[in-house]
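The residues making up each chain are set out below.
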Amino acid sequence: MLTERQDRILCKVVDDYLRTGQPVPSKSIAADPELDCGPSTVRSELALLEEQGLVGHPHVSAGRVPTDVGHRYIVDRMLASGEGLARAPGLELSLIRREVEEAMRVTTETLSQVTNLLAVVSAPSLNTATIRHIEVLALQPQVVMVVIITSTGGVSKMLCTFDRPVDPGLLTWAGEYLHERLVGMGLGARMLHQRLQEPSLSPVELSFLERLVPAFGDLAAEEDELYVEGTAKLFSASQIEDAAQLDGLVSLLERRVLLLRVLRAALAEPGVYVRIGHENELPALRSLALVATSYGMAQRKLGAVSVIGPVHMDYAGAIVTVREAAQQLSRFVEDAYAAN
C-alpha cells in the first residue's frame, strides 16, 4: 500500500514519462502544486518507490521511469476506481448501418485512429463453420491422433503422446463420444468444453478427453477472423524504437493463430484484460502492452477488441476506447442476430 504522497508521486512519474518519453527528475515532481514537499523529500519517496519495484533509475544522474509493476499499479487503481476513465471522445462507429465484416473493419480502423496504437479485433469466421466429423486414431500404442473435419472442408489434426499404451477400448469410446457430443457444433462455440464435462464420466475418461480438447481450440483459432490496423503507426511515430521489438511484433502478426490465442485469453476476463511488459506470455509481447476486452451477446462472447503498443502508452485512453468499441460492437451483433 502506498501513502497518498507516494501515490501522487508515482502518478506524476507515469504521466510525465508518458508525455515526454524521458526520465522524470525529482525537481520536476516537486514543482507539482499538489505536493507539499521539496525535492529532498521527493527523492526520499522515489527511493522507497524504487525499493518496491514501481519505478526505475536508468542512469545515476537521470530521473525515474515507471516499471512494468508501476504501470500495473496505476492500471489496477484506475480499473478499481474508474478515475480517469470517462467515455472516449470521437468513437462514433455508426455500426448498425453496416454489414458484419465492414463493422469489424471500421471498428479496427477507428480504434487505431483514436488511440494511435496497433488495433486488433477478433471475430468468428463468417463461414460459420461447424464440426462435421471426428476421428480418434492410434498411430502407435502410446501416440494418439485426433482428426477433425469441418463443414467448410477444413481439416485439423493433433498428436498426443501418453506415458503408457492407450487402451483400445478407451480410444474407440472417445471417438464415438466426441462424435456424438460435438458434431454440428460451431467451432467458435464457447460451450464446446462444457459439452465434455459430463458428471457420469469416470476420472479416466475425463482425463483422456482433457488431453484431446486442445485440438478443437486450435481449429477454432484457424477459423476465426482477425482484423488488424495501425501497424505502420508504430513505425512512423517511433513508438517502438527497438528494431528487435518491431521484428518480434511483425512476426507475431504473421503467426495469426498465436495472436488469436492471446486474444482468446481476454474472453475469460469479466472486465478489461491488461497485460504489461513481462506479464505477457509470448516473447514478442514482453516489451509491449496489451489492452483488450470481449464483445458479443448476453450468453456468448464472440471475440475481443484490443490495442497493442509501448509499455508507456496512455492506459486510461486505451481502456476507455477499447471498452467503448466493445460495447458498440456488442450492440451491433445483438441487433444483427435479432433481425435474423
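Residues numbered from 1 in each chain as written. Predicted model: local features only at pLDDT ≥ 70, side-chain atom pairs only at ≥ 80, totals over all residues. Heavy atoms only, no water.

Taken in spatial order, the five strands line up as β7-β3-β10-β9-β8 in an open sheet, and their pairing is antiparallel. Pairing within the sheet leaves two strands with one partner each, and these edge strands are β7 (225-229) and β8 (273-276). Going across the sheet, the axis of each strand differs from the next one's by a mean of 15°, ignoring polarity. Alignment of strand β9 (residues 288-297) against strand β10 (residues 300-310), held across ten bridges, turns out to be antiparallel. Of the residues in β10, the one forming a bridge with alanine 289 is glycine 309. Packed on one face of the sheet, helix α11 (residues 256-266) meets β3 (118-123), β7, β8, β9 and β10 and runs near 95° to β7. (Pairing = 2+ DSSP bridges. Helix = DSSP H or I, 4+ residues; strand = E, 2+ residues; numbered from the N terminus. Axes fitted to C-alpha atoms, helices over the stretch in contact; angles between N-to-C directions. Contact = heavy atoms within 4.5 Å.)

The geometry of helix α1 (residues 4-20) relative to helix α4 (residues 68-81) is characterised by a closest axis approach of 10 Å and an angle of 110° between their N-to-C directions. Taken together, the axes of α1 and α4 are roughly perpendicular relative to one another. Of α4, the residues touching α1 (which contributes Asp7, Leu10, Cys11 and Val14) are Gly70, His71, Tyr73, Ile74 and Arg77. Each residue belonging to the contact of α1 with α4 can be placed in one class, and the counts come to five nonpolar, two polar and two charged. (Parallel < 35°, antiparallel > 145°, perpendicular 65-115°, else oblique. Nonpolar A, V, L, I, M, F, W, Y, C, P; charged D, E, K, R; others polar.)

Enumeration over the complete set of coordinates arrives at eleven salt bridges. In this structure, glutamate 34 and arginine 8 form a salt bridge, with 3.8 Å as the shortest nitrogen-oxygen distance. Remark: arginine 8 occurs in helix α1 and glutamate 34 occurs in the loop between α2 (26-30) and α3 (39-51); sequence separation between them is 26 residues. Classification of glutamate 34 by relative accessible area gives exposed; the value is 59%. In this structure arginine 8 comes out as partly exposed when scored by relative accessible area, which is 28%. Among the ionic pairs, arginine 72 bridges to glutamate 279, the shortest N-O distance being 2.7 Å. (Salt bridge = Lys/Arg side-chain N within 4 Å of Asp/Glu carboxyl O. Buried < 20%, exposed > 50% of the residue type's maximum accessible area, 1.4 Å probe, protein only.)

A few words now on the nonpolar core. Ranked by size, the top nonpolar core spans 53 residues in total, and within it Val291, Tyr295, Val305 and Tyr315 carry the most contacts. With eleven residues, helix α12 (residues 315-339) is the single largest residue contributor to this core. The residues contacting valine 305, other than those within four sequence positions of it, are Leu111, Val120, Val121, Val291, Ala292, Thr293, Tyr295, Val322, Ala325, Ala326 and Leu329. By size, the runner-up hydrophobic cluster in this structure holds 25 residues, among which are Ile134, Val144, Val146 and Leu170. (Core = buried A, V, L, I, M, F, W, Y, C linked by side-chain atoms within 4.5 Å.)

These figures come from the coordinates and say nothing about function on their own.
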